[in-house]
Amino acid sequence: MAISRRQFLGRSGAVAGGIFGASLLGSPLNRNAMAMTMGDRYLVSLYLDGGNDGINTITPVDNGGSGNLRSDYEAARLSGSGGIRLSAGELLVPPGPALVDPNTGAQLGLHPGLYGLGNLYAQGKVAVIQGCGYPDPSLSHDTSSTIWEHADPNRSGMNTGWLGRHLAAHFGPSDIPAVAVRGSIPGEFNQTATSILTVSRLDRFNFPYDSSNGSDSVFRRNALMALSDESLASGQAVQSQVGAADKSTLLAADSYPGLDGTYEDERPAFDQIYGDLGTSSARDLREVAKVIYGVESGVPNVDARYFEVRNGGYDSHSDQGGGSPGGRHYNLHEEVGQALETFYADCADMGVADKLVVLVWSEFSRRILQNDSGTDHGTQGPMFVLGGTVNGGVYGNHPDIAEASLQSGNTVYSQDGSNPYRSTDFRDVYGTIMKHWMNVPHPTVLSDVLPLDVGDPNEFWTAENFDMGFLP
Amino acid sequence: MGDENTALSEADARHLLRRTGFGAKPKEVDKMLSKYPTRGEAADKLLKFKPARFRPGGKDMRARRVSWFKYMLKGKKGLQEKMVLFLHDHFATNNETVRDDLQMANQNRLLRRNCIGDFKQLVKEINLDPAMMDFLDTVRNRKEQPNENYPRELLELFTCGVTDFAGNNNYDQEDIVQIARAFSGWRLGNKDEPFLDENRHDFMSNFPERGPKVIFATTGGFGGGGRAFTTLGEGPTEIEEVIDILFEHTDSDGKNTIARRITRRLLAYFGHGGYATPTPTTIAAVDALVTESGFDANWNLGGLVRAILVSDAFYETAAPAPNGAGTARSVKWPIDYSVTSMRLLGMKVKGKDGRVEGGTGQRIVDHLEDMGQELFDPPSVFGWDWENSWITSRTVLSRAILARDLTVARGRGATSFRPGKLMSLELTDPTEIVDAVTGVLGVTDRISPTERSILIDYLTDEGASASIDLQDEDVVERKLAGLFAVVMQSPAYQLH
């Protein structure tokens, strides 16, 4: 059984302020486990829930040298009432790395609402990865989000998340390697071996003892801890998982609520910026920043490295809006772009920009041809990876959106190497992060987390590329 | 093998009452055992009700949530409400999108009136339910640009499911496109009455190139050509015909697709999460229930529920502690946790805004939201995730907060915690007190000897006091209230 980080800390006698003390790193066993779990880095997964419209996120500005992307885009997306077309003039083309489709040479632009992300792009901190999807795509939110979370396009029935499979191998039942800023455990973290903290706001994370009988709290805590341990050991799967959740909650309630006040006291300027943005994405990322600040400050028992936040509302079947401020999709892009820009600046100010990677994804893109005033469900779309060490720029091809090449209005997924519009399997993006950020050896990624498909190599994922280049 | 003639054990009776209502009070268990001693008699008794016309009232959505909560807390028709909750989750519609509390309340009444009735008829009524028509864009579906939102969820969630038990697809994208054409043009009038706007409906004469409306050309057991759904003529009857065809859909095992799926979901709901996946055990249990109830022909939900309530599959979670690897358990929904707790404690919420007196003084609907179940606002059309998904560190805390708040509500009225009304305060022996408290909360036979001794340790300040004086108000407030809180916060109490 893998030994957990908390156990190392206990055994090596590390105390607050000395999380990475010499005694800890002195043991070869510890070094090995650290290397396998990305050491002192952080990974944040940001899920755009509902199916983000990819071609109104990264949009062709022109046709480029060898394509027809802009003309095809204008044929599919209407202007005028109910129209959602982004005009070439509205699109953002930030300075910095060329924002050009590698296949057609088309100039690309960001949705005007994404100006916050555009500012990071200009600094070379954002990789845009186009055409991410998987074979035989599902248009169901539920099926497709599960496929992305579990990295299981073949619906082989894997019930663990891609990150969960990794965490389960390295952490124990009441460790808390990951925090999700939401009410439920995200599918990416699914597994049953270790604990995931779900928290909406840290300041509300105190365990509710009876404040007017404070002397009783220790007895209540002891009883609940013993009851949790008993449940953990019961052998009954459901009760055992409830026991694990109870135990990790009791432990986290000892240390996590204080992170809120510390952050507010010691980082008031950033606290204020998030607050002024006032959006749920900004507030959620602020909670992540509070935890990171706690880890960096050496708060005992706070050692989360993996985070998940989500922003909902992308299922724009109607009233999607175009490039003008105030439209539904504009507002979503504005919210996420601003929140990410602030979060990155916060991390840079803390000195951890180079320890940070944020992965932005959605369960599918949307139909190329718009409907009345929005778009139905679609297939592959862009992902973003951002962070201090990210090699900014464009990776992967823009999908072919010519009406003649669509199937039921959607782009066709292809792994055919001779196809100039060859798609990106999203698992290559995950794999690149695992290998180049989480330090998981290439063979281990393949064997333990992201198995290849069997089938026609022109369609299925039969050759991995965990070296996509967006991370050093 | 048990059946309707199988005698109920005490654990069975407690389980049956708990799952078909909100908690089992000891006298309710006794009455069940003496008057309705077999599974069949008990099920018939529980199903002998005429669905109420109740519609949650109030000036806004919050008030209507409180209204529904209070109705459940009265506990007159537990099974009716358990079915409404199931259907609310199944036909999940959220007010965050709909933004019309009257439409939402009307849908709630629609679900209640049909909760043990004809499921096929209910789906037809859901087609034209104003809240649903708005939620899934039926009102925005027009011939030039059909909107696929409702047709997709109709197939995926309300009826067939994406795949059958063998993992084969039940339909394809073309089926959704065709059904979207059938639903085009439906709108709502000034008084929310649905009507077909023929100018927006896709008649074949509009788009001859789209061809005749045909579904299930490749699945469903309809033969090579699929099934056309305009045989009754084009126009308003098409959407009913679509439902008639869906309910004839057979899966790759040749079984009725909808009957199997609804039965599986309902069994997982009343039983446990093991039935959420189509293992061989699940499939055998589901097929037996469909056969027994005739659900694939009569579509009667009440009959299906009866078949479930007399089955061995249902009684799997009745087994007393200790729990081992072989026992089945299921996680209480937040609404079940809160209504059950308040009912067993004999407590009410205060006022139209449904305040829980004590502790944070939060409104019950805010407690519920924190626990992950905001009534009338399931997170999406998929409804809520069940079982262990209910339990996260955030919801563990939220459940614990409600338990704490309830047990520190001081005062004399029905919004207060009054343990003297629930048990004898003459008791002094710690073991007897623990047994009395777990008895009130219905978990005496659900906790192991070790758990029982942990509770005794708690009550005695870890052995410091051999005898407990419940005549001392300080002891009641500190230790007895604490004992109730700890039991309600313990893992075992979260489970059915």
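Residues numbered from 1 in each chain as written. Chains lettered and ligands numbered in written order. Predicted model: local features only at pLDDT ≥ 70, side-chain atom pairs only at ≥ 80, totals over all residues.

**Regarding the overall build of chain A**
Of the regular secondary structure elements, chain A holds 15 helices and 11 strands. Relative to the globule expectation of 23 Å for 472 residues, the C-alpha radius of gyration of chain A, 23 Å, shows essentially globular dimensions. Dimensions of chain A, computed from C-alpha atoms along their principal axes, come out at roughly 70 × 50 × 40 Å. A buried classification covers 57% of the 472 residues belonging to chain A. Sequence separation of at least 24 residues holds for 72% of the intrachain contacts in chain A that already meet a minimum separation of 6. (Helix = DSSP H or I, 4+ residues; strand = E, 2+ residues; numbered from the N terminus. Rg over C-alpha atoms; globule rule 2.2 N^0.38 Å. Buried ≥ 20, exposed ≤ 12 C-beta atoms within 10 Å, placed from the backbone. Contact = placed C-beta atoms within 7 Å.)

**What to know about the interface of chain B and chain A**
At the interface, 55 residues of chain B touch 45 residues of chain A. The leading source of residues in the side of chain B that touches chain A is helix 20 (residues 393-407) of chain B, at eight residues. Of the residues that constitute the side of chain B that touches chain A, the class distribution is 18 nonpolar, 21 polar and 16 charged. (Nonpolar A, V, L, I, M, F, W, Y, C, P; charged D, E, K, R; others polar.)

**Focus: the domain arrangement of chain A**
Residues and elements named next belong to chain A. Considered domain by domain, chain A is made up of domain 1 (37-202 + 258-449) and domain 2 (206-255). The centre of domain 1, based on its C-alpha atoms, is set 35 Å off from the matching centre of domain 2. Across the contact, 11 residues belong to domain 1 and 10 residues belong to domain 2. Its residues assigned to classes, the side of domain 1 that touches domain 2 comprises six nonpolar, five polar and no charged. (Domains from an automatic or database assignment.)

**Some words on the environment of Gly-393 of chain A**
Residue and element names in this part refer to chain A. Assignment of secondary structure puts Gly-393 in strand 10 (residues 393-395). What makes Gly-393 partly exposed here is the crowd of 19 C-beta atoms within 10 Å. Not counting residues within four places of it along the chain, the set of residues in contact with Gly-393 comprises Pro-97, Ala-98 and Ala-127.

**Topic: the domain arrangement of chain B**
Residue and element names in this part refer to chain B. Along its sequence, chain B is carved into domain 1 (10-48 + 255-318) and domain 2 (334-494). Put simply, the middle of domain 1 and the middle of domain 2, counted by C-alpha atoms, are 28 Å apart. The leading source of residues in the side of domain 1 that touches domain 2 is helix 1 (residues 10-20), at three residues. Within the side of domain 1 that touches domain 2, the residues separate by chemical class into four nonpolar, two polar and three charged.

**Looking at the pairing of strand 4 (residues 126-133) of chain A**
Residue and element names in this part refer to chain A. Within strand 4, eight of the eight residues are buried, leaving the element largely enclosed by the surrounding structure. Sheet topology places strand 4 next to strand 9 (residues 381-386); five bridges connect them, and they run antiparallel. For Cys-132, the partnering residue across the bridge sits in strand 9 and is Gly-381. As defined by bridge partners, strand 4 adjoins strand 10 across three bridges and the pair is classed as parallel. When the sheet's bridge partners are listed, Val-128 is paired in strand 10 with Val-394. Where strand 4 and strand 11 (residues 424-425) come together, two bridges link them in parallel fashion. Residue Gly-133 lies in a different strand from strand 11, and its bridge partner there is Asp-425. (Pairing = 2+ DSSP bridges.)

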